[in-house]
Structure formats: C-alpha cells, structure tokens
Amino acid sequence: MKNKNSMIRRSMKISIEEGAFAQVFSSLVSIGNSFITKYAILLKASPIHFSIISSISQLSQLFQLVGILISRNTNQLKKKTVFYAFVGRAINLLLFIPLFIFNPALSLGIFIFILLLSAGMQNISGNMWTAWIADLIPKNIRGRFFSKRMQILMFYGLIIGYFFSFIIDLFETSSNSWKAVLLNKLNLVSVFKTQYQAYGLYIVFFIGTLIGLYGLKLLNKQPERIRKEKFHEDNGSILEPLKNSNFRKLAFFNLWWMFAIGIGAPFWGPFMMKKLHMSMLEIQLYSTIQTVSMLVAFRWWGKFIDRFGNRTTMKICVFMGSLNAFIWIFFKPDAYAFIWFESILAGFMWSGANLVTMNFVLSVSPKGKEQIWSGVYSSIGGLMMMSTMLLSGLFYPSSLDILGLKLEPEQVLFGITALLRMTAEIPLHFVKEPSGIPFRKTIRIIHLSLLRRMGKFIG
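Quick caveat: nothing in here was measured; it's all calculated off a predicted structure.

Trainee: How would you summarise the overall build of the chain if you had to cite specific residues and measurements?
Mentor: Within the chain, the secondary structure is distributed over 18 helices and 2 strands. Summarising its shape, the C-alpha atoms of the chain cover approximately 65 × 55 × 45 Å along the three principal directions. Within the chain, contacts between residues at least 6 apart in sequence are counted, and of these 85% link residues at least 24 apart. The positive charge centre, built from 48 side chains, and the negative charge centre, built from 20, are 8 Å apart in the chain.

Trainee: Could you give an account of empty space enclosed by the protein, with specific residues and numbers?
Mentor: A full pass over the atoms with the stated rule returns 4 cavities of 30 Å³ or more. A volume near 60 Å³ is recorded for the second largest cavity. Around the second largest cavity, the lining residues are F253, N254, W257, M258, M314, V356, T357, F360 and Y377. Looking at the lining of the second largest cavity, the elements that each hand over two or more residues are α10 (245-262) and α14 (339-364). A per-element tally of the lining of the second largest cavity places α10 first, with 4 residues.

Trainee: Can you tell me about the nonpolar core, naming the residues and giving the values?
Mentor: The biggest cluster of nonpolar side chains holds 118 residues, and the ones touching the most others in it are F35, F111, F253, M314, W328 and I339. Leaving out residues up to four positions away in the same chain, W328 has contacts with W268, F271, M272, Y286, I339, E342, Q411 and F414.

Trainee: Give me the lowdown on the side chain of E18, citing residues and values where you can.
Mentor: The residue E18 is located in helix α1 (residues 2-29) in this model. Its relative accessible area of 3% is what places E18 among the buried residues. Here E18 is in contact with R89, R149, G215, L218 and L219, once residues within four sequence places are set aside.

Trainee: I'd like to hear about helix α3 (residues 47-59), residue by residue, with values.
Mentor: With 13 residues, α3 ought to run about 18 Å at 1.5 Å a step, and its terminal C-alpha atoms sit 18 Å apart, in line with that. Every buried residue belonging to α3 is among F50, S51, I53, S54, S55, I56 and Q58, and all of these are buried.

Trainee: I'd like a description of the pattern of salt bridges, backed by residues and values.
Mentor: Taken as a whole and assessed by the stated rule, the structure comprises 7 salt bridges. For K315, the salt bridge goes to E425, with nearest N and O atoms at 3.8 Å. A residue pair is termed long-range when its members are at least 10 positions apart, and K315 in helix α13 (residues 310-327) and E425 in helix α17 (residues 425-428) qualify at 110 residues. Linked through salt bridges whose partners overlap, the residues forming this network are E18, R89 and R149.

Trainee: Lay out a nonpolar patch on the surface with the relevant residues and their values.
Mentor: Residues L94, F96, F100, Y196 and Y199 make up a contiguous nonpolar surface patch of roughly 480 Å² in combined accessible area. Tracing the chain through its elements places L94 in the loop between α5 (78-90) and α6 (104-136).

Trainee: I'd love a proper account of unusual backbone geometry, names of residues and values included.
Mentor: Here N187, not a glycine, exhibits a phi torsion of approximately 60°, which is positive. Tracing the backbone shows N187 in the loop between α8 (178-186) and α9 (197-219). Since its relative accessible area comes to 65%, N187 is described here as exposed. Phi angles above zero are rare outside glycine, and H277 is one such case at about 55°.

Each value, and the rule that gives it
For every chain, the first residue of its written sequence is number 1, and the numbers climb from 1 along that sequence. Residues qualify for local features only when their pLDDT is at least 70, as the model is predicted, and side-chain atom pairs are given and counted only at 80 or more; totals for whole chains, interfaces and linings, by contrast, use all residues. Only hydrogens and water are set aside; all other atoms, that is, all heavy atoms of the structure, feed into the side-chain values. Only runs of H or I of at least four residues qualify as helices and only runs of E of at least two qualify as strands under DSSP, and these elements are numbered from the N terminus. In what follows, a contact means two residues having at least one pair of non-hydrogen atoms within 4.5 Å. In this charge count, Lys and Arg are treated as positive and Asp and Glu as negative; neither His nor the chain ends contribute. Taken as the charge centre is NZ of Lys, CZ of Arg, CG of Asp or CD of Glu, depending on the residue. Points on a 1 Å grid, built from protein atoms alone, make a cavity when a 1.4 Å probe fits but cannot get out and make a pocket when they are open with protein on both sides within 12 Å along at least 5 of 7 lines; residues with an atom within 4 Å of a point are the lining residues. Grid points are joined across faces, edges and corners, and a volume is the space filled by probe spheres set on the points. Put simply, a nonpolar core is a bunch of buried Ala, Val, Leu, Ile, Met, Phe, Trp, Tyr and Cys residues held in one set by side-chain atoms that sit within 4.5 Å of each other. Buried residues are those whose accessible area, probed at 1.4 Å on protein chains only, stays under 20% of the maximum for their type, while exposed residues exceed 50% and partly exposed ones sit between those limits. Multiplying one less than the number of residues by 1.5 Å gives the expected span of a helix. Whenever a carboxyl oxygen of Asp or Glu lies within 4 Å of a side-chain nitrogen of Lys or Arg, that contact is scored as a salt bridge. To count toward a patch, a residue needs a relative accessible area over 30% and no salt bridge; like charges are then connected within 9 Å, while nonpolar side chains (Val, Leu, Ile, Met, Phe, Trp, Tyr) are connected within 5 Å. Surface accessibility in these figures is a Shrake-Rupley result with a 1.4 Å probe; residues are shielded only by whichever protein chains are displayed.

Interpretation note: all reported values are geometric properties and have no functional meaning in isolation.
Following this line, the structure appears as structure tokens:
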C-alpha cells in the first residue's frame with residue numbers, strides 16, 4: 001500500500017510538471033488560441049476557412065479511435081503515447097511553409113493540413129494518455145487531481161501567452177505610442193514592422209513547439225502500471241460502449257451539447273479582432289481574466305464534482321454557458337466594456353464544463369475500459385461539433401436588425417447557440433450517474449448548508 005501511494009504521488013507530481021510544458025505549447029501553437037487565429041487572418045482566411053480551422057480540433061477527435069486500435073494489442077502505453085505526442089508537436093515546425101507560398105488558397109490549404117496532422121497525432125496520444133492516467137489515479141480523487149493540475153497548467157499558459165501577445169502587438173505599434181518609444185530606444189523599429197508580423201508569429205510557433213517537445217522528456221518519466229490484460233477482440237470492441245444504455249444517453253447528451261456550442265464557435269476570436277477591433281493584448285487580457293476565473297474555480301468545481309457528481313455539475317454549467325453566449329449579442333466596437341465581466345463568468349463556467357468533460361465518461365466507464373469509452377465518447381462529440389462548425393461557415397448569415405439591435409453575422413450565430421445550449425438540459429436529465437447526487441437533492445443540501453451558516457453568523 002505504501003509503494004502504491006508513493007507511485008500515485010509521483011505520478012501526480014510528474015503529470016503536473018509535464019503538463020506545464022504541454023500547456024505552454026497549447027497556448028502558443030494549438031487551434032483556438034489567438035496566435036493561430038491571427039496567423040489565419042494574415043493568410044487572408046475567409047469565414048469558411050475559420051470554420052474549417054475550428055472544426056479540425058473536433059475532426060481530430062476521431063483519431064482517438066485510431067489510438068484505441070494502435071494500443072489494443074499492448075499492455076504498455078508509455079512509449080506509444082510519447083511517440084505520437086512527439087510527432088504531433090514536431091509537425092508544427094512546418095508552419096513556416098505557408099509564408100513562402102503566394103497563392104492564398106494553397107497557403108491556407110497547407111496551413112490547415114498541418115494543423116489537422118498535428119491535432120490528429122496529438123489526439124492519438126491523448127487517448128492513450130487518458131487510459132494511462134486512469135490506471136494511475138484512483139477514481140475518488142480524480143476530480144481534485146484534475147482541478148489542481150488544470151489550475152497550475154493554466155497559470156503557465158497565461159503567463160507565456162501574455163508575454164508573446166505583447167511581442168506580437170509591437171508589430172502594429174502606432175508612431176505616437178509608448179511602445180514606439182520603447183522600440184526606438186531599443187533600436188528595433190526596423191524589426192517590428194507590420195509586414196513582418198506573420199514571421200513574428202512563426203517564431204512564436206517555433207518556440208512553443210520546442211517547449212512542447214522538451215516537455216515530453218518529463219512525460220517519459222511518468223510511472224506506468226502494466227495493464228493485466230491487453231485489449232483484444234474478445235475483451236471488447238470499439239462498438240462495445242454503444243451497447244450500454246447509460247453510455248448511449250451520455251453520448252446523446254454529448255451530441256446535443258456539441259451541436260449547440262459548435263454553432264458560431266469558429267468566430268469568437270475573429271469577431272474580437274475584426275469587429276470589436278481588439279488588439280492582441282486586449283484579447284490576452286480577456287483570456288487573462290477568464291483564466292484567473294478558471295484557476296479560482298477549478299478547486300471549487302473539483303470538490304463539487306467529487307461530492308455531488310458530474311451530471312449535477314454539468315446542469316449548472318449548461319445554464320451558465322447559455323447566458324455567456326447570449327451576452328455577446330450586445331457588444332459593439334464602442335461598447336464592449338461588459339466583456340470583462342463576461343470573461344469572469346465564462347472562466348467559471350468552462351472550468352466546470354472542462355472538468356466534467358474529462359471526468360464524466362471515466363466515472364461511468366467499467367474498470368479497464370476507460371480508454372475505449374473515452375475515445376468513442378470524444379469521437380462522437382467531436383464529429384458533431386465539427387459538423388456544426390462547418391455549417392456555421394457554409395451558412396454564414398447576414399446582419400440582422402431585431403428589437404432595435406443591429407446584429408453582426410457572428411452575433412446572429414451567438415444568439416442561436418445561446419438558445420440551443422439551454423436545451424441541452426433535456427438529454428442530460430436522462431443520464432444516470434451511480435455515484436452522483438440528483439440535482440434537486442443537491443440544491444436542498446446547498447440551501448440547508450447556507451441556512452446553517454447564516455444561522456451561525458447571525459447567532
């Protein structure tokens with residue numbers, strides 16, 4: 001027992017240390033961050049291109065099934081996990097290629113292809129990592145472990161993202177700003193010219209990739225508990241989870257939720273940059289506030305999940321997610337001050353939703369089946385979200401005047417996703433979680449707890 005506890009503590013320590021490097025890589029190079037979005041804008045991406053780029057992160061979830069097939073005949077996951085993570089990260093060194101192709105369509109095609117390969121390889125690795133970590137971390141502490149891990153990782157991603165956002169903004173410095181004075185003093189005016197910004201972004205990708213690759217040295221030190229059984233045909237197939245009634249209900253909720261949040265998802269970043277005219281530094285400030293909110297909330301959500309369960313937690317997050325999206329229809333270039341408060345709400349909501357996404361399917365999976373259940377679950381949801389992301393670009397709406405509001409095309413999509421997110425409460429209601437506490441009972445417990453605290457305070 002002592003050796004087992006020692007291995008668990010060592011596993012948690014290394015997972016957090018390695019995760020810090022992975023988070024820096026993700027903050028600088030992965031789809032969805034402001035650097036990739038800015039690079040796409042400089043490559044002259046259109047709405048359909050943004051839809052395709054965003055959908056890649058979901059399409060690549062299908063590669064989790066490849067991860068299952070690759071690892072099904074082995075009881076050791078470490079080597080393959082590290083190998084595919086290395087390939088997935090190293091591919092991003094090729095992101096310089098679009099800069100030297102002067103056909104916009106071809107350069108964007110190569111850019112998108114590189115992103116797809118990278119995300120696919122990383123999802124193969126990620127699927128095997130899920131099974132690896134599930135073997136190491138006991139179910140009763142996973143909520144708290146993942147919350148602590150995410151807190152620390154987000155901090156590192158925040159710091160590095162803020163620094164490089166400032167650097168990239170220097171390429172758009174106005175002649176009368178304090179940044180121009182700084183560049184003059186450092187004799188760097190000739191370096192930070194607007195026409196060089198795309199090259200500056202590639203340097204960010206290059207540095208982020210090297211940091212991510214170095215982190216794999218730590219991942220290779222992660223302990224591994226040898227699985228007693230290999231994943232053979234007679235031990236289950238890819239379709240096995242779909243035979244389980246509760247898994248089908250959970251998967252149906254995931255389909256519904258991914259359908260809802262996929263609408264408009266490719267356009268949050270472009271909307272901030274192109275319609276609200278926010279700088280990289282302002283966008284990073286938005287991310288900073290959101291990240292701080294997530295960091296503060298992770299520990300609370302971790303305890304909440306361990307006590308009340310994933311389904312009840314997700315019910316709260318679904319409501320908050322709908323409210324967050326709805327707020328965006330009121331933002332204008334000269335009136336978006338409320339966006340900073342919205343970022344607090346978004347951080348709080350997504351911290352809970354992300355923990356549930358990681359932990360829910362593991363909590364209902366049979367022991368030893370976590371990898372395949374997680375892979376099928378993620379693939380189903382990813383395919384649905386990819387579809388709605390593409391549809392958002394293909395059926396990109398026109399501006400709309402409604403109730404005195406002039407909505408940009410992106411805001412029309414934000415309003416639709418807000419309404420559909422709320423309806424995800426319907427399929428979630430039918431999902432069973434044996435170890436969870438029902439929502440109504442949770443509310444009663446919280447209500448009684450608040451009354452007791454108020455009584456002590458008044459007394």
